[in-house]
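# Structural overview for review
If you want the building blocks of each chain, they are given just below.
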Amino acid sequence: MPFPLDRPRRLRDNSTLRSLVRETLVTPQDLIYPLFVVPGKGVESPISTLPRQYHLSPDRAAERAKSFYKDGGRALLLFGLPDHKDELGSSGAEENGPVQEAIKAIKDVVPQILIATDVCLCEYTSHGHCGVLEGTKVLNDPTIQLLAAQALSHAKAGADLVAPSDMMDGRVAAIRQKLDENGFYGLPIMSYSVKYASAFYGPFREAARNTPCAGDRQGYQMDPANRREAAFELQLDLQEGADIVMVKPAGPYLDIIREMRDLTLRPLAAYQVSGEFAMLDAAANHGLLDFRKAAKESLIGIKRAGADLIISYLAPEFLLW
Ligand code: PBG
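Anyway, here's the lowdown on the structure attached to this text. One numbering rule holds for all chains: residues counted from 1, following each sequence as written. Given that the model is predicted, a residue must reach a pLDDT of at least 70 before its local features are reported, and side-chain atom pairs must reach 80 or more before they are shown or counted; all residues, however, enter totals for whole chains, interfaces and linings. Working from all heavy atoms in the structure, the side-chain values ignore hydrogens and water.

### What about the overall build of the chain?
- Labels follow the DSSP assignment, with helices taken as runs of H or I lasting at least four residues and strands as runs of E lasting at least two, numbered in each case from the N terminus. A tally of regular secondary structure across the chain gives eleven helices and twelve strands.
- Taken over C-alpha atoms, the radius of gyration comes to 20 Å for the chain, in line with the 20 Å a tight globule of 321 residues would show.
- Projecting the C-alpha coordinates of the chain onto the three principal axes gives extents of approximately 75 × 45 × 40 Å.
- For every residue, the accessible area obtained with a 1.4 Å probe (protein chains only) is divided by the maximum for its type, and the residue is called buried under 20%, exposed over 50%, and partly exposed between those limits. The buried share of the chain, reckoned over its 321 residues, is 50%.
- In the chain, of all internal contacts separated by at least 6 residues, the share reaching a separation of at least 24 is 72%.
- What sets the accessible areas is the Shrake-Rupley method with a 1.4 Å probe; for residues, cover comes only from the shown protein chains. Counting every atom, the chain has about 14900 Å² of accessible surface; 53% of that belongs to carbon and sulfur. We compute the radius of gyration over the C-alpha atoms and compare it with the globule rule, which gives 2.2 Å times the number of residues raised to the power 0.38. When checking whether two residues touch, look at their non-hydrogen atoms; a contact exists if any pair is within 4.5 Å.

Have a look at this one:
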């Protein structure tokens, strides 16, 4: 018997061979870019915790969308920061809210771009929780009605995809019903189905100004230790009519992404969250790693784990690489 039996290095000899046998490719079409929109005009202020990300008024969001599209980007995810908040997060469903206005402004300039909207109450509630509060508890059933109203207002403004991120039980069904009743039966729902209560959302709290004034989100987001529960959440969302399901965060949960991939025939999204992005940037700034290489590798890892689409703050930079 000759030694060694096989030589895997034969196929690594040069870059042509390597690209011929490469198994995973991240393309611009795989990426969704999150934008944070605020009321007003001409606003473009850097978010202190998220390098190269901005709070944008609808007109500036439209400019960003245009250059993103020109570079090959195809999809956005909008988060709104209203100028008034209340107990019920009512401003989230206002016709002239920042998200609703940004959808119209972006569609005016780049009608072809896909606009997904984050549907949640936390940016709009005075207390920063993702639902209606009673004492220290977040009430489930009253919350899902408010989420459905917010999703409908996004649909009316022209959103292409609504993405509930609140983790209330039954919200996908409630949103589906509301959209259907209003004639939006063709509008897909991308559900944050498997969303963990994660420390990696840290930098986002400044971006969305949604830190809970008391308590945390462990009463509705998932325990990072749980794997079976992820399958259960996924199953429920699919039964309720989710068109795309999501795992969030991505990097620390690659096992969950792979498992969800194997459990559904539906498209699977993964959210590379603010903390994952900020860590890469901070490490690179300390000269500890090559930002571009490490960032690309992080996206390949998420795709290889089984995600079809990736929501990432890296999207505009990735297009230029
Ligand atoms: C809630 C929401 C959060 C993120 C997306 N939607 C924050 C949270 O649940 O606390 C986090 C995204 C990120 O960290 O990049 N509407």
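On we go from here.
### Topic: the side chain of asparagine 210
- Within the element layout of this structure, asparagine 210 appears in the loop between helix H6 (204–208) and helix H7 (228–240).
- Looking at asparagine 210, the relative accessible area reads 2%, which means it is buried.
- Apart from residues lying up to four places away in sequence, asparagine 210 is in contact with Cys122, Glu123, Gly128, Phe204, Arg205 and Arg217.

### Points about the site of the ligand
- One heavy atom suffices: a residue is near a molecule or strand as soon as one of its heavy atoms comes within 4 Å of it. Around the ligand sit 17 residues, and of these Lys195, Arg205, Lys248, Ser274 and Tyr313 come closest.
- Whenever a nitrogen or oxygen atom comes within 3.5 Å of another N or O atom, the pair is scored as a polar contact, on the condition that within protein one atom can donate a hydrogen and the other can accept it, and that pairs from neighbouring residues in sequence are kept only if both atoms are in side chains. One of the side-chain nitrogen or oxygen atoms of lysine 195 is found 2.7 Å away from an oxygen atom of the ligand.
- Between tyrosine 313 and the ligand, the recorded distance is 2.6 Å, taken from a side-chain N or O atom to an oxygen atom.
- Isolated, the ligand exposes 410 Å² of accessible area, and the fraction of that covered by the protein chains is 100%.
- For each structure, a 1 Å grid was placed over the protein atoms alone; sets of points admitting a 1.4 Å probe that cannot get out are labelled cavities, open sets with protein on both sides within 12 Å along at least five of seven lines are labelled pockets, and lining residues have an atom within 4 Å of a point. More than half of a molecule's atoms within 2 Å of the grid points is what it takes for that molecule to sit in a cavity or pocket. Of all the cavities here, the one that holds the ligand is the largest cavity.
- Basically, the charged four are Asp, Glu, Lys and Arg, the nonpolar ten are Ala, Val, Leu, Ile, Met, Phe, Trp, Tyr, Cys and Pro, and anything else, Gly included, counts as polar. By residue class, the composition of the shell around the ligand is eight nonpolar, three polar and six charged.

### Points about empty space enclosed by the protein
- Grid points are joined across faces, edges and corners, and a volume is the space filled by probe spheres set on the points. For the structure on display, the rule yields two cavities of 30 Å³ or more.
- Residue lining of the largest cavity: 19 residues in total, with Cys122, Lys195, Phe204, Asn210 and Lys248 positioned closest to the centre.
- Size it by volume and the second largest cavity reaches roughly 40 Å³.
- Every residue lining the second largest cavity is listed: Tyr33, Pro34, Leu35, Phe36, Gln53, Tyr54, Leu56 and Arg64.
- For the lining of the second largest cavity, the secondary-structure elements that each account for two or more residues are strand S1 (31–37) and strand S3 (54–56).

### A look at the packing of H7 against helix H8 (residues 254–263)
- Look at H7 against H8: their axes get within 10 Å of each other, and the N-to-C directions meet at 40 degrees. With respect to their mutual orientation, H7 and H8 come out oblique. Along this stretch, H7 crosses H8, giving a crossing that reads as right-handed. Contacts between H7 and H8 involve Ala230, Ala231 and Leu234 from the first element and Ile256, Met260 and Leu263 from the second.
- In terms of residue class, the contact of H7 with H8 is made up of six nonpolar, no polar and no charged. Axis lines are fitted to C-alpha atoms, over the contacting stretch for helices. Their N-to-C directions set the angle, which ranges from 0 to 180 degrees. Here the word oblique covers every angle except those under 35 degrees (roughly parallel), over 145 (roughly antiparallel) and from 65 to 115 (roughly perpendicular). Note: crossing handedness is left-handed where the near helix turns anticlockwise from the far helix by less than a right angle, and right-handed where it turns clockwise.

### Let's talk about the nonpolar core
- Counting 99 residues, the largest nonpolar core has Ile106, Met190 and Tyr271 as the members making the most contacts within it.
- In this structure, methionine 190 is in contact with Ile32, Leu161, Val162, Ala163, Pro164, Ile244, Met246, Ala269, Leu309 and Ile311, ignoring residues within four places of it in sequence. For our purposes a nonpolar core is just a set of buried Ala, Val, Leu, Ile, Met, Phe, Trp, Tyr and Cys residues, chained together by side-chain atoms within 4.5 Å.

### Some points on the layout of surface pockets
- Each pocket or cavity is described by its volume, and for the largest pocket that value is around 330 Å³.
- Taken together, 21 residues form the lining of the largest pocket, with Lys137, Val138, Gln218, Gly219 and Tyr220 sitting closest to its centre.
- Mapped by element, the contributors of at least two residues to the lining of the largest pocket are strand S7 (137–139) and H7.
- When its residues are assigned to classes, the lining of the largest pocket shows eight nonpolar, eight polar and five charged.

### Here's the deal with the pattern of salt bridges
- Throughout this description, the term salt bridge denotes a Lys or Arg side-chain nitrogen within 4 Å of a carboxyl oxygen of Asp or Glu. For the structure shown, the criterion picks out 16 salt bridges.
- Two residues, aspartate 30 and lysine 303, come together in a salt bridge whose shortest N-O distance is 2.9 Å. With aspartate 30 in the loop between helix H1 (15–20) and S1 and lysine 303 in helix H10 (residues 291–305), this pair connects stretches of sequence that are 273 residues apart.
- Looking at aspartate 30, the relative accessible area reads 10%, which means it is buried.
- Classification of lysine 303 by relative accessible area gives partly exposed; the value is 21%.
- When the shortest N-O distance is used, the salt bridge between glutamate 259 and arginine 227 registers 2.6 Å. Remark: arginine 227 occurs in the loop between H6 and H7 and glutamate 259 occurs in helix H8; sequence separation between them is 32 residues.
- A relative accessible area of 45% places arginine 227 in the partly exposed class.

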